[in-house]
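The lines below spell out each chain.
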Amino acid sequence: MVGLNFYRGKRVFVTGHTGFKGAWMCQVLLDAGAEVTGYSLPAPTEPSLFELCGLSRRMHSVIGDIRDRAKLTEAFRQARPEIVFHLAAQPIVRTSYEDPVYTYETNVMGTVNLLECIRTSREPVKSVVIVTTDKVYLNREWCWGYREDEPLNGYDPYSNSKSCAELVTHSYRDSFLRAQGVPVSTVRAGNVIGGGDFARDRIIPDCIRAAQAGQAIIVRNPQSTRPYQHVLEPVMAYLMIGQRQAEQPELAGCYNVGPDECDCVTTGDLADMFCKMWGNGAVWENRAEMNAPHEANFLKLDCSKLKTTFGWKPRWHIDNAVRQTIEWTRVWANGQDLSHEMKRQIMLYLSAK
């Protein structure tokens, strides 16, 4: 697993740092003693995890659009990063149907802009991790997990834009970065849950909002199967890959990050789990939509490559992931110290076997 001491004193550049996953990554990096520069649009939700846990006071936060190559280049030049994590994205499937042009501009050209910064950097970058999604694959609704060598061809604009970002990264790696000695990996993670996710059209945030309001939880696709995992699982995997390929560049490649087979559950099962743990009479209703935008019904990942290459394995099963999410939410609802709660959960995760 990841050795966080590696990041002590390292200059790390994180795009998308104001988002849910980015905020958790920055918390881990800052606790490890890294010098973190973030580049992102303002926090995408109100409230936001980034603001609630006070990360802006502990790191250099640059608010900018990943599509603005001039501003991104200047922020990158000033940061002089040794390690780069690219998380900035338009991450919502439904939003991609509403605004496909913005989705492609952000997810494809945003990736190009960052790769140009790396390619033209005066100080060579030692490790690059580009985060995409499990939805990059041509989804055949198979009952087994997709492997890294399966065809890439996401259906909806979000998924397809991430497939394009993968291909762009592969081209930059093969055309430029490998010859410059810069190891680059793309990482495809399944659906994440965890404390501090306030996004719309995600099942656990929807559950929390409804439960807090004393309303029934509306579930649109209760039979859809997804590889749900706590946000710390992919975050720690990204950090592990970032470290290990810096030390052994030949390990760079494409990697799936997902839960164990038993944690690939239907949305309805996840809602059941949440209601049971939340208590207070929480219930959900099946509101399957007619003519809803297309989303995959069945999606799993085969993570054998990550496990074999790095000796990695998930540490928290889905029930614990839901439990920790609820515990974080109650700390927030009671006005308690969220940074302390995040540190508690990070230490708890790292101590798990």
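All figures in this text were calculated on a predicted structure; none of them were measured in a lab.

About the thresholds
Residues numbered from 1 in each chain as written. Predicted model: local features only at pLDDT ≥ 70, side-chain atom pairs only at ≥ 80, totals over all residues. Heavy atoms only, no water. Helix = DSSP H or I, 4+ residues; strand = E, 2+ residues; numbered from the N terminus. Rg over C-alpha atoms; globule rule 2.2 N^0.38 Å. Contact = heavy atoms within 4.5 Å. Areas by Shrake-Rupley, 256 points an atom, 1.4 Å probe, with all protein chains shown as cover. Lys, Arg positive; Asp, Glu negative; His and termini not counted. Charge placed at Lys NZ, Arg CZ, Asp CG, Glu CD. Core = buried A, V, L, I, M, F, W, Y, C linked by side-chain atoms within 4.5 Å. Buried < 20%, exposed > 50% of the residue type's maximum accessible area, 1.4 Å probe, protein only. Phe/Tyr/Trp six-rings, centres within 6.5 Å; stacked < 30°, edge-to-face > 60°. Lys NZ or Arg CZ within 6 Å of the ring centre and 35° of its normal. Polar contact = N/O pair within 3.5 Å; in protein donor to acceptor, adjacent residues only side chain to side chain. Expected span 1.5 Å × (residues − 1). Pairing = 2+ DSSP bridges. Axes fitted to C-alpha atoms, helices over the stretch in contact; angles between N-to-C directions. Parallel < 35°, antiparallel > 145°, perpendicular 65-115°, else oblique. Nonpolar A, V, L, I, M, F, W, Y, C, P; charged D, E, K, R; others polar. Left-handed = near helix turned anticlockwise from the far one by under 90°.

(A) Up close: the overall build of the chain. Secondary structure assignment for the chain yields twelve helices and 13 strands. In terms of overall size, the chain behaves like a compact globule, its C-alpha atoms giving a radius of gyration of 19 Å where 353 residues would be expected to give roughly 20 Å. A separation of at least 24 residues holds for 81% of the contacts in the chain among residues at least 6 apart in sequence. As displayed, the chain has an accessible area near 14600 Å², and 49% of this comes from carbon and sulfur atoms. Each charge class in the chain can be summarised by its mean position, and for the 40 positive and 40 negative side chains these summaries are 5 Å apart.

(B) Looking closely at the environment of Arg119. Looking at the secondary structure, you find Arg119 in helix α5 (residues 100-119). As a C-alpha pair, Arg119 and Gly279 span 160 residues in sequence and 52 Å in three-dimensional space. Residues contacting Arg119, with those up to four places away along its chain left out, are Tyr172, Phe176, Leu177 and Gln180.

(C) Looking closely at the nonpolar core. Tyr7, Trp24, Phe85 and Leu239 are the most contacted members of the largest nonpolar core, which has 59 residues in total. When sequence neighbours within four positions are dropped, the list of residues in contact with Trp24 reads Leu49, Gly195, Val231, Leu232, Val235, Trp328, Met342, Gln345 and Ile346. By size, the runner-up hydrophobic cluster in this structure holds 24 residues, among which are Cys117, Val125, Ile130 and Val184.

(D) Geometry of the packing of aromatic side chains. Evaluation of the coordinates by the stated rule reveals 13 aromatic pairs. A centroid spacing of 5.3 Å and a plane angle of 25° characterise the contact between Trp142 and Trp144, whose relative ring orientation is stacked. We classify Trp142 as partly exposed; its relative accessible area is 23%. Between Trp142 and Tyr146 the ring centres are 5.3 Å apart and the planes differ by 20°, which places this aromatic pair in the stacked class. Through a chain of ring-to-ring contacts, the aromatic side chains of Tyr137, Trp142, Trp144 and Tyr146 assemble into a single cluster. Looking at Lys10, its charged tip hangs above the ring of Phe6, at a distance of 4.2 Å from the centre. The ring of Phe176 has Arg119 lying over it, and the distance from NZ or CZ to the ring centre is 5.0 Å.

(E) Structural context of the side chain of Gln345. In this structure, Gln345 sits in helix α12 (residues 338-351). Separated by 2.8 Å, the side chains of Gln345 and Glu341 make a polar contact. Each residue touching Gln345, except ones within four places of it in the same chain, is listed here: Trp24, His230, Leu232, Trp316, Gln324 and Trp328.

(F) Highlighting helix α9 (residues 267-278). When the terminal C-alpha atoms of α9 are compared, their 16 Å separation across twelve residues agrees well with the 16 Å that a helix rising 1.5 Å per residue should span. Taken together, the buried positions of α9 are Thr267, Gly268, Leu270, Ala271, Met273, Phe274, Cys275 and Trp278. Buried residues belonging to α9 abut α7 (203-212), β8 (217-219), β12 (264-266), β13 (284-286) and α11 (318-333). Looking one or two places after α9, you find Gly279, whose phi comes out positive at around 70°.

(G) Just the sheet that holds strand β1 (residues 11-15), in detail. If you walk across this open sheet you meet the seven strands as β3-β2-β1-β4-β5-β6-β11, and the pairing is parallel. Each of the sheet's edge strands pairs with one partner strand only, and the pair in question is β3 (60-63) and β11 (254-257). This sheet shows a mean twist of 15° between the axes of neighbouring strands, independent of strand direction. Sheet topology note: the strand β6 (residues 184-189)/β11 ladder contains four bridges and is parallel. The partner of Val187 across the bridge, within β11, is Tyr255. Across the sheet, helix α1 (residues 20-31) lies against β1, β2 (35-40), β4 (83-86), β5 (127-131) and β6, angled at about 170° from β1, the strand it touches most. Along the sheet, helix α3 (residues 69-79) makes contact with β1, β2, β3 and β4, crossing β1 at roughly 160°.

(H) Seen up close, the packing of helix α8 (residues 232-247) against α12. Between α8 and α12, whose axes approach to 11 Å, the crossing angle comes to 70°. Here α8 lies roughly perpendicular to α12, going by the angle between them. In this structure, α8 uses Leu232, Glu233 and Met236 to contact α12, whose residues at the interface are Gln345, Ile346, Tyr349 and Leu350. For the contact of α8 with α12, the class distribution of residues is five nonpolar, one polar and one charged.

(I) Structural detail: the packing of α7 against α11. Running from N to C, α7 and α11 cross one another at 45°; their axes reach a closest spacing of 12 Å. One element, α7, and the other, α11, form an angle in the oblique class. You can see that α7 and α11 cross each other, and the crossing is right-handed. Here Ile204, Ile208 and Gln212 of α7 come into contact with α11, specifically with Thr325, Thr329, Trp332 and Ala333. Residue composition of the contact of α7 with α11, grouped by class: four nonpolar, three polar and no charged.

(J) The arrangement of α7 in detail. For α7, the buried fraction is high: seven of the ten residues fall into the buried class. Within the span of α7, buried status applies to Ile203, Ile204, Pro205, Cys207, Ile208, Ala210 and Ala211. Those residues of α7 that are buried are in contact with β7 (192-193), β8, α9 and α11. Just beyond α7, the residue with positive phi is Gly214, at close to 70°.

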